[in-house]
Amino acid sequence: MSTIRALIFNILFFGGTAVECLVLWPFLFFGPKFAQKTGRFWCMWVQWLLKITVKLEPRIVGGQYLPDGPCILVSKHQSAWETLTFHTLLHDPAYILKKELIDIPVFGLFLKYSGQIPVDRSAGGSALKDMIKGVDSGLKRGARVVIFPEGTRTPPGSDRPYHPGVYALYRAFPDVPMIPVALNSGMFWGRAKFMKYSGKVTLEYLPPMEPGLDRKTFMREIKSRIDDRTRELEKIAQIEFDLPAPPPTPGITDTDADANAPQTTT
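J.: Just checking my understanding: could you explain the pairing of strand β3 (residues 93-98) for this structure?
T.: Regular strands show a simple pattern: their side chains alternate between the two faces of the sheet. In terms of burial, β3 is largely enclosed, as five of its six residues are buried. Sheet analysis places β3 next to strand β5 (residues 144-147), joined by three bridges and oriented parallel. Bridging from a neighbouring strand, P93 pairs with R144 of β5.

J.: Can you walk me through empty space enclosed by the protein in this structure?
T.: Rolled over the atoms, a probe sized like a water molecule indicates the empty space that remains. Taken as a whole and judged by the stated rule, the model has one cavity of 30 Å³ or more. What lines the largest cavity is K76, Q78, P155, P156, G157, S158, D227, T230, R231 and E234. In terms of residue class, the lining of the largest cavity is made up of two nonpolar, four polar and four charged.

J.: So what exactly am I meant to see when it comes to the layout of surface pockets here?
T.: Taken as a whole, the largest pocket encloses approximately 1200 Å³ of empty space. Taken together, 42 residues form the lining of the largest pocket, with A80, T83, L101, F107 and R153 sitting closest to its centre. Per-element accounting of the lining of the largest pocket gives the leading share, eight residues, to helix α1 (residues 2-24). For the lining of the largest pocket, a count of residues per class yields 22 nonpolar, 13 polar and seven charged.

J.: How should I be thinking about the packing of aromatic side chains in this particular structure?
T.: The geometry of an aromatic ring pair is captured by the separation of the ring centres together with the interplanar angle, meaning the angle of the planes. According to the stated counting rule, one finds 10 aromatic pairs in the structure shown. Ring geometry for F188 versus F241: centroids 5.7 Å apart, planes at 70 degrees, classification edge-to-face. Here F241 lies in helix α7 (residues 215-241) and F188 lies in the loop between β6 (178-183) and β7 (199-205), a separation of 53 residues in the sequence. The exposure class assigned to F241 is partly exposed, which follows from its relative accessible area of 23%.

J.: How should the nonpolar core be read in this particular structure?
T.: Soluble, globular proteins show a tendency: their nonpolar side chains are buried together. Residues F9, V46, L50, L73, F86 and Y205 are the most contacted members of the largest nonpolar core, which totals 33 residues. Mapped onto this core, the elements with two or more residues apiece are α1, α2 (32-54), β2 (71-75), α3 (81-89), β3, β6 and β7. No other element matches α2, which puts seven residues into this core. If we ignore the near neighbours within four places in the chain, the residues touching L50 are F9, K55, L56, W81 and W189. The next biggest cluster of nonpolar side chains, apart from the first, holds 25 residues, and it includes V74, A127, L139 and Y170.

Cut-offs applied
- Residues numbered from 1 in each chain as written.
- Predicted model: local features only at pLDDT ≥ 70, side-chain atom pairs only at ≥ 80, totals over all residues.
- Heavy atoms only, no water.
- Buried < 20%, exposed > 50% of the residue type's maximum accessible area, 1.4 Å probe, protein only.
- Helix = DSSP H or I, 4+ residues; strand = E, 2+ residues; numbered from the N terminus.
- Pairing = 2+ DSSP bridges.
- 1 Å grid on protein atoms, 1.4 Å probe; cavity = no way out; pocket = protein on both sides within 12 Å on 5 of 7 lines; lining within 4 Å.
- Points joined across faces, edges and corners; volume = space filled by probe spheres on them.
- Nonpolar A, V, L, I, M, F, W, Y, C, P; charged D, E, K, R; others polar.
- Phe/Tyr/Trp six-rings, centres within 6.5 Å; stacked < 30°, edge-to-face > 60°.
- Core = buried A, V, L, I, M, F, W, Y, C linked by side-chain atoms within 4.5 Å.
- Contact = heavy atoms within 4.5 Å.

In structure tokens:
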């Protein structure tokens, strides 16, 4: 039954997305607010589709830590699910994303005109400056900025380093609340996976990071807080919804990450 539900979702998801892009793209040229509304409409439609086909719903925890105004959300990234969900939870989300996504036909237009923050990860030090400039612009318009510090979707059970761009934001905007976010979406909707499992994906806002931490302490603390809680949420989902256990995945040391990854963003 789960396979059939996943098949129905995938057919409707890809077919419906193509139709919506063709129908809604003219609204992009009416400005960022319209672009945000079209993106939000699509994300809400996907959430509804997940609910009626796969029987997958969100469970949001820790809302008391989310400020009313601008903030920076530092989130675990396991699935396409959270990129959809933040857009339904937040009034004006601004994602830090790789510049290549802007080049995707039609879909890239939605990203470009809705106030997202593209970063050219091959640009070295200038990418960091562009990111900070884009985040500053987003915060000034009242956006909640979302950054995925691992830089890519990572499966449950993995242990990847966080890129130092997140610390650059912590230093550049000391008066802006920085909220860690843990989740277990990959247990239900894995990266490039056909299967989608029934249940409730938990997205949990954690207490904001304390100001004034040095780089080493900050990077250690934010990673341990997000990763430790994420592992707990993965175990809870596995037991509660009888899901496959996440396979053990070799980690990458922070030293390797600093040596090989661009000193930028997501």
